[in-house]
Amino acid sequence: MHKFSHKFAGFAFGLMLFCGLAAAEPVALNPAHPDRYVVVRGDTLWDIAARFLRDPWRWPDVWHVNPQVENPHLIYPGDILVLTYVDGQRQGSRRKRAAMSHSVSPRTTT
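The structure contained in this document is the topic of the report that follows. (Residues numbered from 1 in each chain as written. Predicted model: local features only at pLDDT ≥ 70, side-chain atom pairs only at ≥ 80, totals over all residues. Heavy atoms only, no water.)

A few points about the overall build of the protein
For clarity, the cut-off: Secondary structure elements follow DSSP: runs of H or I of four or more residues count as helices, runs of E of two or more count as strands, with numbering from the N terminus. Residue burial is assigned from relative accessible area. The probe radius is 1.4 Å, only protein chains are included, and a residue is buried under 20% of its type maximum, exposed over 50%, and partly exposed in between. Whether two residues touch is decided by their heavy atoms; if any such pair falls within 4.5 Å, the residues are in contact. Accessibility throughout is a Shrake-Rupley quantity obtained with a 1.4 Å probe, and a residue counts as covered only by protein chains that appear here.
When its secondary structure is counted, the protein shows four helices and four strands. Ordered by position in the sequence, the α and β elements of the protein form the string α-β-α-α-β-β-β-α. With 110 residues in all, the protein has 25% of them scored as buried. In the protein, 64% of the contacts between residues at least 6 apart in sequence involve partners at least 24 apart. Split by element, the accessible area of the protein, about 8300 Å² in all, is 62% carbon and sulfur.

Comments concerning the nonpolar core
Test applied: Residues belong to a common nonpolar core when they are buried Ala, Val, Leu, Ile, Met, Phe, Trp, Tyr or Cys residues joined through side-chain atoms within 4.5 Å.
Counting 14 residues, the largest nonpolar core has Leu45, Ile48, Val62, Ile75, Leu81 and Leu83 as its most contacted members. Within the residue set of this core, elements represented by two or more residues are helix H2 (45–52) and helix H3 (59–64). Apart from residues no more than four positions distant in its own chain, Leu45 is found in contact with Trp59, Val62, Trp63, Pro72, Ile75 and Leu81.

Quick notes on H2
To keep things clear, this is the line we draw: For this quantity, the arc is that covered by the directions from the helix axis to the C-beta atoms.
Every buried residue of H2 is accounted for by Leu45, Ile48, Ala49 and Phe52. End-on, the buried residues of H2 take up no more than an arc of 100 degrees, which puts them together on one face. Buried residues belonging to H2 abut strand S1 (36–38), H3 and strand S2 (80–82). Just beyond H2, the residue with positive phi is Arg54, at close to 65 degrees.

Considerations on the pattern of salt bridges
For side chains of opposite charge, pairing can occur when their charged atoms come near one another. What counts, and what does not: Basic side-chain nitrogens of Lys or Arg form a salt bridge, by our definition, when they fall within 4 Å of a carboxyl oxygen of Asp or Glu.
In this structure the tally under the stated criterion is one salt bridge. A salt bridge links Arg58 to Asp61, with the shortest nitrogen-to-oxygen separation between them at 2.6 Å. Neither residue differs from the other here; Arg58 and Asp61 are each classed as buried.

Observations regarding the environment of Asn30
Relative to the elements of secondary structure, Asn30 occurs in the loop between helix H1 (2–24) and S1. C-alpha of Asn30 to C-alpha of Leu53: the two residues are 23 residues apart in sequence and 5.9 Å apart in space. Leave out the neighbours within four places in its chain, and Asn30 touches Arg51, Phe52 and Arg54.

Re the environment of Ala50
Mapping Ala50 onto the fold places it in helix H2. Distance from Ala50 to Leu29, taken between C-alpha atoms, is 9.6 Å for residues 21 residues apart in sequence. Each residue touching Ala50, except ones within four places of it in the same chain, is listed here: Asp55 and Pro56.

Describing unusual backbone geometry
One non-glycine residue with positive phi stands out, namely Arg54, at about 65 degrees. Positionally, Arg54 belongs in the loop between H2 and H3.

Shape descriptors only; they carry no functional weight alone.
Here it is in structure tokens:
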């Protein structure tokens, strides 16, 4: 089990490194990409990135600039996604996501 945890840690580190390097590279945008996109049934961030960023592996970039999307695997028809890029670099910050989070606790009645 110990070997597995080292392999997993190495994989996770490599993935984070890859994502960090990929995020630093300019994005090849579709010239007709919109500033905002309304999700339709069947859409995934993978498909949206392939369509507008010309590379489906850039889906984390779409997620990054849309802090209202808490789970990248759960987007719904009618959701509005921002696709804001300047000189091939994404605009916006994932830090906004932390400010939007809140906790819910059961209400007690007396």
